[in-house]
Amino acid sequence: MKPKENLYHNSLIEEAHSILRLNDRGGYTVPTERLYPYQWNWDSAICAMGWHHFDEARAWNEIRMLLKGQWANGMLPHIIFHQDSPDYFPNADVWNVPKKCFLDKVEHPQTSGISQPPVLATCVRKLQEAGKESAINSSELKQICMKILKWHRWFWSARDPENTGLVSILHPWESGMDNSPAWDKSLVRVPPTLNSSYKRQDTSLIDSSQRPLQKEYDRYLYLVEKLREKEYDSNKISQDFPFRVIDIGLNSILQRSNLDLLALMDQFGMISECHELKKRIELARDAFAELWDPKHEHFYNRDEISGELIRVSTSACFLPLFGQLANDDQVLRMVSTLEKWAEQQFLLVPSTSPFDTNYEPQRYWRGPIWPHVNWMISEGLKEYGHNELSKKIRMQTLELISKLGFHEYYHPLGESGFGGDSFSWTAAVYLILCKTG
Ligand code: DGY
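Residues numbered from 1 in each chain as written. Predicted model: local features only at pLDDT ≥ 70, side-chain atom pairs only at ≥ 80, totals over all residues. Heavy atoms only, no water.

Considering the nonpolar core
Counting residues in each nonpolar core, the largest one holds 144 residues, and the members touching the most others are V119, L120, W375 and I377. In terms of residues, this core owes the most to one element, helix 6 (residues 138-158), which gives 10 residues. Apart from residues lying up to four places away in sequence, V119 is in contact with W42, A45, I46, I253, S257, F322, W375 and M376. (Core = buried A, V, L, I, M, F, W, Y, C linked by side-chain atoms within 4.5 Å. Buried < 20%, exposed > 50% of the residue type's maximum accessible area, 1.4 Å probe, protein only. Helix = DSSP H or I, 4+ residues; strand = E, 2+ residues; numbered from the N terminus. Contact = heavy atoms within 4.5 Å.)

Digging into the packing of helix 1 (residues 10-22) against helix 16 (residues 424-435)
Between helix 1 and helix 16, whose axes approach to 9 Å, the crossing angle comes to 140°. By the angle class used here, helix 1 and helix 16 are oblique. With respect to the hand of their crossing, helix 1 and helix 16 are arranged in left-handed fashion. Here L12, I13, A16, H17, I19 and L20 of helix 1 come into contact with helix 16, specifically with S424, A427, Y430 and L431. For the contact of helix 1 with helix 16, the class distribution of residues is eight nonpolar, two polar and no charged. (Axes fitted to C-alpha atoms, helices over the stretch in contact; angles between N-to-C directions. Parallel < 35°, antiparallel > 145°, perpendicular 65-115°, else oblique. Left-handed = near helix turned anticlockwise from the far one by under 90°. Nonpolar A, V, L, I, M, F, W, Y, C, P; charged D, E, K, R; others polar.)

Considerations on the state of the cysteines
Linking two cysteines covalently through their sulfur atoms gives a disulfide. All told, the structure shown has zero disulfides when counted by the stated rule. Between C274, a cysteine without a disulfide, and C145, which holds the nearest cysteine sulfur, the sulfur-to-sulfur distance is 9.6 Å. For C274, a relative accessible area of 5% puts it in the buried group. (Disulfide = S-S within 2.5 Å.)

Let's talk about the packing of aromatic side chains
Given two aromatic rings, their pairing is described by the distance between the two centres and the angle made by the two planes. What the rule picks out here adds up to 33 aromatic pairs. Here the aromatic rings of Y38 and Y88 are separated by 5.9 Å at their centres, their planes lie at 85°, and the arrangement is edge-to-face. With Y38 in the loop between helix 1 and strand 1 (39-40) and Y88 in the loop between strand 2 (79-81) and helix 4 (92-95), the pair connects residues that are 50 residues apart, well separated along the chain. Given a relative accessible area of 2%, Y38 falls into the buried group. Owing to a relative accessible area of 12%, Y88 belongs among the buried residues under this scheme. When the ring centre of W51 is taken as origin, the NZ or CZ atom of R58, which lies over that ring, is 4.2 Å away. Lying across the ring of Y364, R211 places its NZ or CZ 4.4 Å from the centre. (Phe/Tyr/Trp six-rings, centres within 6.5 Å; stacked < 30°, edge-to-face > 60°. Lys NZ or Arg CZ within 6 Å of the ring centre and 35° of its normal.)

Some points on the sheet that holds strand 3 (residues 110-111)
Reading across the sheet, the three strands line up as 1-2-3 and stay open at both edges, with antiparallel pairing between neighbours. Either end of the sheet is taken by a strand with one partner, and the two such strands are strand 1 and strand 3. Alignment of strand 2 against strand 3, held across two bridges, turns out to be antiparallel. The residue bridging I80 from the neighbouring strand is T111, located in strand 3. (Pairing = 2+ DSSP bridges.)

Okay, structure coming up:
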């Protein structure tokens, strides 16, 4: 790809601001118009960092609005349906979350019944570090930290009842990487829904070659139906639930967020909470060793039903860098894998290894590059002192956006952008990467 002369062009910065404003629905940001017309959990956390570059007060509102969706048990759902939209399936009626799940039964917005990668604490710490004293008072920040800790505790108890240090996901949507080939084998156990009359909306808005397949959607919907039947209650969801996976991406992000939450809570002198976080951080650190495959010198996801590592190389397998979960040797192996991909002229970081048989460069999580994942990997590399590779990923991401526009995801050969356009977290990541040294 031919580099653009000025990646930090003021007009692009202005465009990024306008996209966030365009997608503002009064205190929260939709990922893009129509395709995703609600507040999404990890999108929103990343958008808050984007807003913070030009409107600190608005950035904190994003977080307040997101936390309005929190359940009584601490879970922070992956979608908050603040208002109705005809454009998205499955909507709040399909999820049909019982009122008893909500803290405030009257005012609570409708939500989905699963969660998403918990990047929020990391984003809150970034906001606090870069912000002005006046943007949020410390008592509110403390409350926000407590809410996030409650969410993390939900992960630890509901999704890791045996306290192994690794939490499971019960739906591919919970990984945020819906149709990653890493889930293919595990999804074989999941039957398709018997509901033959539902209508997907995504493929009427986006070319179906860029979206998950129908057979995958049929299984996504089956899992929603099963979870709904059990009222999303982890005590009622039995061990024979057909999809249970240790997602290395989500677990790495959770670890990173635990570290950031610890730093925040330490400032407030919250001793018992810090102690609790430190214990969990240690537990996860030890457990991560099980996800390293010494033969292939690679971190992998794990299927909790078969107990086997899922030997599919995806961008999530590099997120232990972001979670500071790798030892020196593992870091070197990850760096060398990324360099190998780059030597073959692939821009970094394809969501699925371009050497995997399931690689599809334009289909959602089966190949395309996602800017927010690049931000996380580049952050992780920098923290391990791999500044050159970190910078390469940062510059390539900026080049993709400046050359092709603010898309949802990009072809790893830099040919085109796909999915939704005027995409909020792409705009946010552009602003973040422009300012990163
Ligand atoms: C979708 O609808 O594609 C989302 O990724 C689910 O959260």
